[in-house]
Amino acid sequence: MTRLFISLVHRRPTLTSALLQLQHGYRSRNRSRPLFRLIAPQPQPLASSFHSTPSYFEPSEEKENHPNNNNASSPPPPPLPPTPPQSSSLQSSAEQQIDSSTRAIGQVTFLNSTTSGRIILASLALGDPTLATCAALGAITSTSTARIIGLDAQSWKDGLWGYNGALVGCAASVFSVGVTGGAYYFPYVVASTMLGAAATPVVSASLKSAMPNVPQWTWSFNIVALTMMLRSRPLLEVVDESSVNVTTEKAAVVASASSTSAVGDILASPLAGISQIFVVNSHVTGGGILAATYYYSPKLALHASGGSAVGCLVGLLSAGAPLADVSAGLWGYNSALASMAVGVFFVESRASSALSVAAAAASASLFGAMATLFGTYGVPCLTLPFCTVASAAYLLEGRVPGLRFAKEPHSPEKNR
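Each chain has its residues counted from 1, following the order in which its sequence is written. Only residues with pLDDT of at least 70 are given local features in this predicted model, and only at 80 or more are side-chain atom pairs given and counted; all residues enter the totals for whole chains, interfaces and linings. Only hydrogens and water are set aside; all other atoms, that is, all heavy atoms of the structure, feed into the side-chain values.

A few words on the overall build of the protein. Secondary structure elements are defined from DSSP: runs of H or I of at least 4 residues count as helices, runs of E of at least 2 residues count as strands, and each element is numbered from the N terminus. Within the protein, the regular secondary structure consists of 21 helices and 0 strands. With 416 residues in all, the protein has 43% of them scored as buried. Taking the contacts inside the protein whose residues are at least 6 apart along the sequence as the reference set, 72% of them involve residues at least 24 apart. The protein chains shown are the only cover counted for residues, whose accessible areas, like all others here, come from Shrake-Rupley with a 1.4 Å probe. Carbon and sulfur atoms form 63% of the exposed surface of the protein, whose accessible area is close to 22,900 Å². Classification of residues uses two cut-offs on accessible area relative to the type maximum, computed with a 1.4 Å probe and protein chains only: under 20% is buried, over 50% is exposed, and between them is partly exposed. Note on contacts: a residue pair is in contact if any heavy atoms of the two residues lie within 4.5 Å.

Here you go:
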């Protein structure tokens, strides 16, 4: 043991000197790093080691600044636009439906205006609230049907698929009296209105192909309404069996016009004639419809009032025409429509003005004949005289000098 200890003591300076030489050589090459770091690197503090590890809750600085990191090289994506609520689209669809139905009521008298349609509907409510309700129901039903089956969208917006349905509602409201054993049964009126109005756009679409050279007028309304009434024959309920005069329209009988009409009623008959377009016997309603027409076109209002006056005059001059029918406006409504049709589709001229008066007189004369014929079957002739005369007048374009179609039919003021 003593010899071993002495040998180690003698070797210690040699080992120590070797270590010192090794350290001295390392410093000469890299003076910034001492030898003990090569042998035993200095441990980092605990806090530094903890923060160098990426965390799920706090991303590391190295990761955020990495050149391949998309979040660092591009801005954040823009927020998605808010999805509109479904209720707003439903509200917009309902507004379009109301707009189309309102225009449809105005289109009965060639008025493509929601304001005019509202005025007419309010005027109908003053004369007959039930009829106004049925007219609105008919317009809504027919326009809804046209939209469901996919008919022309622009015509739908303009109310052209709905005006026949509105007239079906008016006719159902008046001529359904007495169908059910003499009682007025409102559910039957509603059902007749909805079924008949739903059929009118389908008939109109068919007639458009069958009659491409003339406008549709109110042919669809006449076909549907007469089909319904030829079974019920409403005028037979109010005609005396001993009387041979079966030409009196149901609307005039319901109104209970006096047999000795006063001069005032005769003078106001043109207004009643305008109201009879919607199967209403009311001077107030006629004045409201005339005001709606004047709002749309003052000259077209002149065609309406002038045409109705000409028709009533023809009725007064006709042999055997009851004064009660003339006072109720039954001789004026077809004439008013025929005169307005000329004002809407032709450019204003002397020839078109003469045609407007002639069409009004011809419609009244044809009404007297058709009312007698259809009255034998217990049904009214509705607007068949207007449709017949208006179609004939429309086909005169190019055959009579001075008669020229408007490029975009609107009113006498705007037709060019």
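There is more to say after this.
Ranked by internal contacts, the top residues of the largest apolar core, which has 74 residues, are Phe110, Trp217, Phe278 and Phe386. The element best represented in this core is helix α19 (residues 333-345), accounting for 9 residues. Excluding residues that lie within four positions of it along the chain, Phe278 makes contacts with Ile105, Val108, Thr109, Ile120, Leu124, Leu131, Leu167, Cys170 and Ile289. Each nonpolar core is a collection of buried residues, namely Ala, Val, Leu, Ile, Met, Phe, Trp, Tyr and Cys, held together in the definition by side-chain atoms within 4.5 Å.

Bringing the side chain of Asn334 into the picture now. Structurally, Asn334 is set in helix α19. Here Leu382 takes part through its backbone oxygen, which lies 3.4 Å from a polar atom of the side chain of Asn334. Beyond its immediate stretch of four places on either side in the chain, Asn334 contacts Ser363, Phe367, Leu382, Thr383, Leu384, Pro385 and Phe386. For the purposes of these results, a polar contact is taken to be a pair of N or O atoms within 3.5 Å, where, inside protein, one atom must be able to donate a hydrogen and its partner to accept one; residues adjacent in sequence count only when each atom of the pair is a side-chain atom.

Another aspect to go through is the packing of aromatic side chains. What counts as a ring pair is set by centres within 6.5 Å for rings of Phe, Tyr and Trp (its six-membered ring), and what kind of pair is set by the plane angle: stacked under 30 degrees, edge-to-face over 60, tilted for all other angles. Throughout the structure, instances matching the rule amount to 11 aromatic pairs. Ring geometry for Phe110 versus Trp217: centroids 6.4 Å apart, planes at 80°, classification edge-to-face. Of this pair, Phe110 sits in the loop between α6 (86-107) and α7 (114-127) while Trp217 is found in the loop between α11 (186-210) and α12 (219-232), placing the two residues 107 residues apart along the sequence. Taking relative accessible area as the criterion, Phe110 reaches 13% and is therefore assigned buried. Trp217 sits in the buried class, given a relative accessible area of 5%. Ring geometry for Trp217 versus Tyr394: centroids 6.2 Å apart, planes at 80°, classification edge-to-face. Here Trp217, found in the loop between α11 and α12, pairs with Tyr394, found in helix α21 (residues 384-394); they are 177 residues apart in sequence, far enough to count as distant.

Looking now at a nonpolar patch on the surface. Each patch is built from residues that are more than 30% exposed by relative accessible area and take part in no salt bridge. Like charges join if they lie within 9 Å; nonpolar side chains (Val, Leu, Ile, Met, Phe, Trp, Tyr) join within 5 Å. Salt bridge criterion: a side-chain nitrogen from Lys or Arg within 4 Å of a carboxyl oxygen from Asp or Glu. A cluster of nonpolar side chains, Leu313, Leu316, Leu317 and Leu323, forms an exposed patch at the surface whose accessible area comes to about 400 Å². Broken down by element, the residue count for the nonpolar patch peaks at 3 residues, all from helix α17 (residues 298-317). Within the secondary structure layout, Leu323 lies in helix α18 (residues 323-327). Judged by relative accessible area, Leu323 falls into the partly exposed class, the value being 43%.

As a further point, take the confidence of the model for the protein. Summing up the model confidence of the protein, the mean pLDDT is 82 and the portion of residues at 70 or higher is 71%. Within the model, pLDDT remains below 50 along residues 34-41, and this stretch shows 6 contacts once partners closer than five positions in the same chain are excluded. Values of pLDDT, the confidence the predictor places in each residue, fall between 0 and 100. Counting contacts from residues 43-72, a segment whose pLDDT is below 50, to residues more than four positions away or on other chains yields 6 contacts.

Right, let's get into the side chain of Thr383. Inspection of the secondary structure puts Thr383 in the loop between α20 (350-375) and α21. Looking at Thr383, its side chain comes within polar contact range of the side chain of Asn222, at 2.8 Å. With near-sequence residues (within four places) excluded, Thr383 lies in contact with Thr218, Phe221, Asn222, Tyr333, Asn334 and Leu337.

Moving on, we get to the packing of α11 against α12. To obtain an axis, a line is fitted to C-alpha atoms, over the contacting stretch when the element is a helix, and the angle between two such axes runs from 0 to 180 degrees between their N-to-C directions. Two elements in contact, α11 and α12, have axes separated by 8 Å at closest approach and are oriented at 135°. In terms of their interaxial angle, α11 and α12 are classed as oblique. The chirality of how α11 crosses α12 is right-handed. Judged by residue contacts, Ser192, Gly196, Ala199, Thr200, Val203, Ser204 and Leu207 of α11 engage Trp219, Ser220, Ile223, Val224 and Met228 from α12. Grouping the amino acids of the contact of α11 with α12 by side-chain chemistry returns 7 nonpolar, 5 polar and no charged. Throughout, the term roughly parallel applies to angles under 35 degrees, roughly antiparallel to angles over 145, roughly perpendicular to angles from 65 to 115, and oblique to all others. Crossing chirality is assigned from the near helix's rotation relative to the far helix, an anticlockwise turn below a right angle marking it left-handed and a clockwise turn marking it right-handed. As a working rule, the residues Ala, Val, Leu, Ile, Met, Phe, Trp, Tyr, Cys and Pro are called nonpolar, Asp, Glu, Lys and Arg charged, and the rest polar, with Gly in that last group.

The next thing to look at is the packing of helix α10 (residues 163-175) against α11. Orientation of α10 relative to α11, taken along the N-to-C sense of each, is 150°, at an axis distance of 8 Å. The pairing of α10 with α11 is recorded here as roughly antiparallel in orientation. The handedness of the crossing between α10 and α11 is right-handed. Between α10 and α11, the residues in contact are Asn164, Gly165, Val168, Gly169, Ala172 and Ser173 and Val189, Ser192, Thr193, Gly196, Ala197, Thr200 and Ser204, respectively. Across the contact of α10 with α11, the residue classes break down as 4 nonpolar, 9 polar and no charged.

What follows covers α21. Of all 11 residues making up α21, 9 are buried, and the element is well covered by its neighbours. Packed against the buried residues of α21 are α12, α19 and α20.

To continue, consider the environment of Ala354. By secondary structure assignment, the location of Ala354 is in helix α20. Owing to a relative accessible area of 47%, Ala354 belongs among the partly exposed residues under this scheme. When the C-alpha atoms of Ala354 and Ser339 are compared, they prove to be 9.9 Å apart, with 15 residues separating the residues in sequence.

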